[in-house]
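# Understanding the architecture of this molecule
Residue-level listing of the chains:
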Amino acid sequence: MGRRWRDGRGTLVVHGERGDVSVPLEVAASYRARTKGLLGRDSIAGAMLLTPAGSVHTFRMRMPIDVAYLDRRLNVIAVRTMPPGRLGLPRLRSRHVLEAEAGAMAGWGVRAGVRVTVEV
């Protein structure tokens, strides 16, 4: 895509079988924002996009999370639920990682093969 992302807020649009689903989104594009991610939070309203990122960990997390690995065109490569204290393996072709509370992505229709877009 060649897009330069900035830290901030926006909307994640999931283009799935149920039609388009809009979700509040936080974008973590700077090194500092990506490093912090969801650490220290008890919940998140919506999702967080870490960019660029190929893998994540849940050390010092307070909650289990859903993790979606996205390619450079924002197609979902894989979705995993990670409990606290885990190290996720890097995914080939992954350029962005989407994080949300455990179980949220299934409700939004995020699964492998689905395309998402980001409106900032």
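Here the structure is shown first, and the text comes after it.
Keep in mind it's a predicted model, so treat the numbers as computed, not measured.

On to the environment of Arg32, then. Inspection of the secondary structure puts Arg32 in helix H1 (residues 31-36). Given a relative accessible area of 72%, Arg32 falls into the exposed group. Distance in space between the C-alpha atoms of Arg32 and Arg73 is 24 Å, their sequence separation being 41 residues.

What follows is about the pattern of salt bridges. Pairing between side chains of opposite charge can happen when the charged atoms of each approach one another. Evaluated as defined, the whole model comprises four salt bridges. Ionic pairing is found between Arg111 and Glu17, a salt bridge with its closest N-O pair at 2.6 Å. With Arg111 in the loop between helix H2 (104-108) and strand S7 (115-119) and Glu17 in the loop between strand S1 (8-16) and strand S2 (19-28), the pair connects residues that are 94 residues apart, well separated along the chain. What makes Arg111 partly exposed here is its relative accessible area of 39%. A salt bridge links Arg62 to Asp42; the nearest nitrogen and oxygen atoms lie 3.3 Å apart. In this pair, Arg62 is assigned in the loop between strand S3 (47-50) and strand S4 (65-70) and Asp42 in the loop between H1 and S3, connecting sequence segments 20 residues apart. On the accessibility criterion, Arg62 (53% relative accessible area) is exposed. Residues participating in the shared-partner salt-bridge network are Arg9, Glu26 and Arg41.

Rules behind the numbers
- Residues numbered from 1 in each chain as written.
- Predicted model: local features only at pLDDT ≥ 70, side-chain atom pairs only at ≥ 80, totals over all residues.
- Heavy atoms only, no water.
- Helix = DSSP H or I, 4+ residues; strand = E, 2+ residues; numbered from the N terminus.
- Buried < 20%, exposed > 50% of the residue type's maximum accessible area, 1.4 Å probe, protein only.
- Salt bridge = Lys/Arg side-chain N within 4 Å of Asp/Glu carboxyl O.

Purely geometric numbers; function is a separate question.
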